Amino acid sequence: MKSMPYAEPWRIKMIEPLKTLSRDERMQKIENAEYNLFNLKSEDVFIDLLTDSGTGAMSDRQWSALMQGDESYAGSRSFLALKETVKNLLGFPFMLPTHQGRAAENVLLSALLKEDDYVPGNAHFDTTKGHIEFRKAHAIDCSIDEAGEVRAYHPFKGNIDCKKLEDFIVKVGVNKVPVVILTVTCNTGGGQPVSMQNIKDVSAVCKKYNIPLMFDSARFAENAYFIKQREDGYQDKTIKEIVKEMFNYADAMTMSSKKDGIVNIGGFIGLKDENLYRECTVFNIMFEGFITYGGMSGRDMAALAVGLDEATEFDYLHARISQIEYLGNKLKEAGIPLLEPFGGHAIYVDAKDFLPHIPPTQYPAQVLGVELYIESGVRAVEIGTVLADRDPVTREERVPKMELLRLAIPRRVYTNNHMDMIVWGLQQVWENRKSRTGLRIKYEAPIMRHFTATFEKI
Ligand SMILES: *Cc1c(COP(=O)(O)O)cnc(C)c1O
């Protein structure tokens with residue numbers, strides 16, 4: 001017997017029309033954009049998979065909450081609603097709003113880090129790493145070995161190797177490790193989840209050495225969904241129960257609400273320790289705003305409180321992650337090489353296998369992104385040599401282990417017909433893959449070059 005199909009637990013009340021260009025028009029547009037997909041106007045894109053950050057669709061409940069936002073500078077009702085939600089849903093009694101996730105990192109890491117400290121974790125996100133390195137501290141990747149293998153199967157590829165973690169702490173000394181950061185799900189590793197067992201084990205190591213454990217929580221609800229689906233003992237638990245249990249092991253959290261908050265902008269910090277909260281308030285007021293708004297409007301906090309509740313419902317998560325699986329399975333059937341298992345928020349195409357005749361320094365994942373846009377109007381993003389940048393000292397290209405094109409799926413935005421269009425687009429590129437040629441950089445900024453670099457065809 002076939003298992004029951006899934007369907008979105010919502011219907012569409014408002015639509016946003018999309019423009020279609022011809023293939024020739026797209027060829028002109030991408031040439032004018034000097035082969036950098038960030039330079040395209042969004043109206044020239046048919047399906048936008050550049051990111052799942054801030055691109056989700058809000059519900060009618062969220063839009064109504066928005067209308068009732070309280071814009072008071074201090075003690076806003078919308079702040080109190082968000083604080084209540086964070087306490088009840090995630091278990092943090094102290095909460096500071098920030099304008100987005102990296103701002104939360106800025107505030108919390110300002111309180112925690114000093115020069116020459118070490119911050120172990122599972123492949124830190126770029127902005128987290130940026131905030132660590134900006135303070136002349138070091139981000140240490142203690143991921144399990146499977147994390148760097150494109151097709152090695154592991155149900156929880158986001159896990160930390162606890163032996164690596166403990167050996168590292170012992171090697172540099174506890175005093176040099178002010179915090180351990182666990183990213184759930186691990187974005188850098190391909191949207192891969194962390195198991196509850198691993199959360200417990202990491203927490204035990206942290207407790208043993210009295211080091212606070214922080215969760216980078218952008219996709220915490222997707223992580224809880226994978227625990228329910230893949231880990232023994234969690235099948236009968238609700239997402240909200242699993243979320244509560246996960247955060248039970250964290251001392252602090254930072255959140256990019258643009259992901260599992262299903263809002264367009266926002267972030268926050270959750271804390272359990274009052275002293276650390278007091279220290280963070282000083283930085284929050286300095287960098288973000290007063291402690292009851294921190295860079296967010298009252299209406300945005302009101303919509304976020306509802307978004308957090310909706311993002312932790314099983315039916316929503318099941319439809320979202322099933323759509324990503326749907327896309328992944330169709331691409332796999334078409335023979336297209338992918339990172340596996342599929343992540344929670346995106347499918348990653350393996351550009352090394354797709355375009356083996358193009359060397360990394362001719363940017364195969366960038367080529368793939370450009371060709372996919374030309375064929376179908378789909379905009380994805382390169383996660384490869386362009387993003388990896390040059391070594392800050394030698395200025396040599398840093399060639400990463402994996403050369404990927406990320407197809408990030410916005411929340412509640414596209415239908416499976418759009419997924420079919422993406423598959424069709426990649427098939428067009430696949431069929432003539434041998435004739436695709438590499439790119440050369442014309443201009444690049446000294447750091448973060450991927451946003452603004454320009455390219456020419458070789
Ligand atoms: C997006 C993201 C951030 C940064 O959040 P912003 O809201 O973009 O500033 C931090 N960590 C992870 C894992 C993310 O995905």
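Residues numbered from 1 in each chain as written. Predicted model: local features only at pLDDT ≥ 70, side-chain atom pairs only at ≥ 80, totals over all residues. Heavy atoms only, no water.

Re unusual backbone geometry
Argument step 1. The amide bond that connects V184 to the next residue, T185, takes the cis arrangement and shows omega of -20 degrees.
Argument step 2. For the bond running from E340 to P341, omega is -5 degrees, close enough to zero to count as cis.
Argument step 3. By the secondary structure assignment, P341 is in the loop between α12 (314-333) and β9 (346-350).
Argument step 4. In this model, A123 sits at a positive phi of 35 degrees, which is unusual for a non-glycine residue.
Argument step 5. The residue A123 is located in the loop between β3 (118-121) and α5 (126-134) in this model.
Argument step 6. In this structure, D389 takes a positive phi of about 70 degrees despite not being glycine.
Argument step 7. If you trace the backbone, D389 turns up in the loop between α15 (385-388) and β12 (404-408).
Argument step 8. Classification of D389 by relative accessible area gives buried; the value is 9%. (Helix = DSSP H or I, 4+ residues; strand = E, 2+ residues; numbered from the N terminus. Buried < 20%, exposed > 50% of the residue type's maximum accessible area, 1.4 Å probe, protein only.)

Regarding the sheet that holds β9
The strands that make up a sheet pair up through hydrogen bonds in the backbone, lying either parallel or antiparallel.
Argument step 1. If you trace the 3 strands from one edge of the open sheet to the other, you get β9-β12-β11, paired in antiparallel fashion. What marks the edges here is a single partner per strand, and that holds for β9 and β11 (381-383). Direction aside, the axes of adjacent strands within the sheet are offset by 35 degrees on average.
Argument step 2. Pairing of β11 with β12, which is carried by 3 bridges, proceeds in the antiparallel orientation. (Pairing = 2+ DSSP bridges. Axes fitted to C-alpha atoms, helices over the stretch in contact; angles between N-to-C directions.)

Focus: helix α16 (residues 416-431)
Argument step 1. Under the 1.5 Å per step criterion, the end-to-end length of α16 is 22 Å for 16 residues, consistent within 8% with the ideal 22 Å.
Argument step 2. Among all positions in α16, only H418, M419, I422, V423, G425, L426, Q428, V429 and W430 are buried.
Argument step 3. The opening residue of α16 is T415, an N-cap whose side-chain oxygen sits 3.2 Å from the backbone nitrogen of N417. (Expected span 1.5 Å × (residues − 1). Polar contact = N/O pair within 3.5 Å; in protein donor to acceptor, adjacent residues only side chain to side chain.)

Here's the deal with the site of the ligand
Argument step 1. Neighbouring the ligand are 14 residues; Q100, R102, D216, S256 and K259 lie closest to it.
Argument step 2. At 2.7 Å from an oxygen atom of the ligand is found a side-chain nitrogen or oxygen belonging to R102.
Argument step 3. Here an oxygen atom of the ligand sits 3.0 Å away from a polar atom, N or O, in the side chain of N187.
Argument step 4. Burial of the ligand by the protein chains amounts to 97% of its free accessible area of 370 Å².
Argument step 5. Here the element with the most residues in the shell around the ligand is helix α4 (residues 101-112); it accounts for 3 residues. (Near = heavy atom within 4 Å. Areas by Shrake-Rupley, 256 points an atom, 1.4 Å probe, with all protein chains shown as cover.)

Brief notes about the nonpolar core
Argument step 1. With 60 residues, the main nonpolar core has L90, F215, F220, M246, F247, F268 and L308 as its most contacted residues.
Argument step 2. Residues lining this core come from more than one domain, with at least three contributed by each of domain 1 (23-52 + 314-457) and domain 2 (60-311).
Argument step 3. Beyond its immediate stretch of four places on either side in the chain, L90 contacts T85, F220, V243, K244, F247, M253 and F268.
Argument step 4. Residues F342, L372, I374 and W430 belong to the second largest nonpolar core, which totals 47 residues. (Core = buried A, V, L, I, M, F, W, Y, C linked by side-chain atoms within 4.5 Å. Domains from an automatic or database assignment. Contact = heavy atoms within 4.5 Å.)

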